[in-house]
Amino acid sequence: MPTLHDSLALPAFTATNRIFMAPMTRMRAPEPADIPTELHREYYRQRATAGLIVTEGVQISLEGKGYSGAPGIYTDEQVEAWRAVTDAVHAEGGRIAIQLWHVGRVTHPHVQGGTPGVSASALPFEGRTNIKDADGNVISVDAPTPRALRLDEIPRLLEDYRHATRNARAAGFDMVEIHGANGYLLQQFMSISTNARDDQYGGSMENRARLPLEVVDAVVGEWDAAHVGIRLSPMIKFVGLDDADGMEMGIYMARELADRDLGYLHLVEPDWAGGPELDDEFRTAVRDAFPGIIIAAGSYDRAKGTRVLEGGWADAIAFGRPFIANPDLPERLAVGADLNDVDFSRVYGGDAAGYIDYPVMETVR
Ligand SMILES: Cc1cc2nc3c(=O)[nH]c(=O)nc-3n(C[C@H](O)[C@H](O)[C@H](O)COP(=O)(O)O)c2cc1C
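Every chain's residues receive numbers from 1 upward, in the order its sequence appears when written. Local features are withheld for residues below a pLDDT of 70 in this predicted model, meaning they are given only at 70 or higher, and side-chain atom pairs are given and counted only at 80 or more; totals for whole chains, interfaces and linings count all residues. Hydrogens and waters are ignored; side-chain quantities use all the structure's heavy atoms.

Peer 1: Would you mind going over the packing of aromatic side chains in detail, with residue names and values included?
Peer 2: Between rings of Phe, Tyr and Trp, where Trp is taken as its six-membered ring, a pair exists when centres lie within 6.5 Å; planes separated by under 30 degrees are stacked, by over 60 edge-to-face, and by other angles tilted. If you walk through the whole model with that rule in mind, you get 8 aromatic pairs. Centroid distance Tyr-67 to Tyr-184: 6.4 Å. Interplanar angle 70°. Geometry classified as edge-to-face. Separated by 117 residues along the polypeptide, Tyr-67 in the loop between β4 (53-59) and α2 (76-91) and Tyr-184 in the loop between β10 (175-180) and α4 (185-190) bring together distant segments of the chain. We note that Tyr-67, like Tyr-184, is buried. Relative to Tyr-201, the ring of Phe-189 has its centre 6.5 Å away and its plane inclined at 85°; by these criteria the two rings are edge-to-face. Separated by 12 residues along the polypeptide, Phe-189 in helix α4 and Tyr-201 in the loop between α4 and α5 (205-208) bring together distant segments of the chain. Summary of the burial criterion: residues with accessible area below 20% of their type's maximum are buried, those above 50% are exposed, and those between are partly exposed, where the area comes from a 1.4 Å probe applied to protein chains only. Classification of Phe-189 by relative accessible area gives buried; the value is 0%. Aromatic rings pair up to connect Tyr-43, Tyr-44, Trp-82, Phe-173 and Tyr-355 into one cluster. By definition, being over a ring means that NZ of Lys or CZ of Arg is both within 6 Å of the ring centre and within 35 degrees of the ring normal. For the cation-ring pair, Arg-105 lies above Phe-125, with the distance from its terminal atom to the ring centre recorded as 3.6 Å. In this structure, Lys-304 packs its charged tip against the face of Tyr-300, placed 4.3 Å from the ring centre. Elements are defined by DSSP. Helices are runs of H or I of four residues or more, strands are runs of E of two residues or more, and each kind is numbered from the N terminus.

In structure tokens form, the structure reads like this:
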């Protein structure tokens, strides 16, 4: 039976262990250029013992940006800066995937050059996002009603994903992960609570899955299926989402992705964000639908991760918050060491403090 510390052969490469780092927005890229800095380089380098790092969400275009300080992957300067990050991780023997992000409606004109965001439909919602005030302090603001993406804009959107994928390759990433989770653009299309379209992108499950699958096909066409993963969060209750048929949509997507031999399926379990706990029945249904590599994420510790790996429901576990405070998390889990606590006042925005200054374990001789 596999343990967290066993290697894992993904279609694109072999990860040295099954303790992956989950994508986490930290809002530290200076605006307006949204270019990662040497702080990002050091942060990811410190965490290179993860079997795979998935970067924070990285916007594919200005339209895809929702949070001040989130970096991009659509300008040459951004590509060059990410190259320094991937080089640093590779020099430590690590692997790193970039999470390709379009936030859809979870945004604010402040970070969009004055316009509201786009979504499947122009439905008002209660969501909020985080921007920075003139002094650089992170503040939470209401996200206004978005405008519905027009049919004639979809080819351009797909091209934005292709362009970001080309850039990710040029920047030296080992894979791309399409962000199809947590209530952002692609889930806004999948979800009945956010998609009221009456064209071929709305209505039936097949129609609501169309845009996410077109994005997958576009990104795969730009690289290949082995180097493309996707993150999904069926049933999450987040940024205004509350899906009655989330489970069915999750299984439908898993089957479609299996047909495409995608590099991995990254499943966000809903309980970390106020949703129900996933049961093993659902885990089994996803496993039956997707025989490839499954990564599970959401409030995992060593015991829960071991159980899910041993049950065969996932092949790797992505840890989020524990990696913020424990750059050497794999080593700590291996010896059962105590974990550092996260300083939640320093998670979003700011500088090196609470970002690259968490201590590694002291070696016991
Ligand atoms: C500070 C923070 C930022 C996050 N940003 C992202 C993100 O950019 N993309 C994403 O898919 N999930 C994001 N998440 C969700 C995490 O990837 C992960 O699924 C979640 O934290 C649950 O895992 P954990 O219990 O191990 O922290 C974020 C979570 C946290 C705590």
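Peer 1: Which residues make up the site of the ligand, and what values go with them?
Peer 2: The rule for a residue being near a molecule or strand is that one of its heavy atoms must lie within 4 Å of it. The environment of the ligand is made up of 19 residues, and the closest members are Pro-23, Thr-25, Arg-231, Ser-299 and Arg-321. N or O atoms within 3.5 Å of each other form a polar contact, as long as, within protein, one can give a hydrogen and the other can take it, and as long as residues adjacent in sequence are counted only when both atoms are side-chain atoms. For the ligand, an oxygen atom lies 2.7 Å from a polar atom in the backbone of Pro-23. A distance of 2.7 Å separates an oxygen atom of the ligand from a polar atom in the backbone of Ser-299. Here the Shrake-Rupley method, with its probe set to 1.4 Å, supplies the accessible areas, and only the displayed protein chains count as covering residues. Burial of the ligand by the protein amounts to 93% of the accessible area it has alone, namely 610 Å².

Peer 1: Tell me about the pairing of strand β7 (residues 128-132), and name the residues and values.
Peer 2: Within β7, 4 of the 5 residues are buried, which leaves the element mostly enclosed by the surrounding structure. As paired elements, β7 and strand β8 (residues 138-142) share 5 bridges and run antiparallel to each other. Each bridged residue has a counterpart across the sheet, and for Lys-132 the counterpart in β8 is Val-138. Two strands qualify as a pair provided DSSP detects at least 2 bridges between them.

Peer 1: Pulling in residues and values, what's your account of the packing of helix α3 (residues 154-170) against helix α6 (residues 210-222)?
Peer 2: Running from N to C, α3 and α6 cross one another at 40°; their axes reach a closest spacing of 9 Å. Accordingly, the angle class assigned to the pair α3 and α6 is oblique. By crossing handedness, the relation of α3 to α6 is classed as right-handed. Contacts between α3 and α6 involve Ile-154, Leu-157, Leu-158, Tyr-161, Arg-162, Thr-165, Arg-166 and Arg-169 from the first element and Leu-211, Glu-214, Val-215, Ala-218, Val-219 and Glu-222 from the second. In terms of residue class, the contact of α3 with α6 is made up of 8 nonpolar, 1 polar and 5 charged. With axes taken as lines fitted to C-alpha atoms, and helix axes fitted only over the stretch in contact, angles between N-to-C directions fall between 0 and 180 degrees. An angle below 35 degrees is treated as roughly parallel, one above 145 as roughly antiparallel, one from 65 to 115 as roughly perpendicular, and anything else as oblique. Handedness of a helix crossing follows the sense of rotation of the near helix relative to the far helix, less than a right angle counterclockwise being left-handed and clockwise being right-handed. Throughout, a contact is declared for two residues whenever any of their heavy atoms are within 4.5 Å. Three classes are used: nonpolar for Ala, Val, Leu, Ile, Met, Phe, Trp, Tyr, Cys and Pro, charged for Asp, Glu, Lys and Arg, and polar for all others, with Gly counted as polar.

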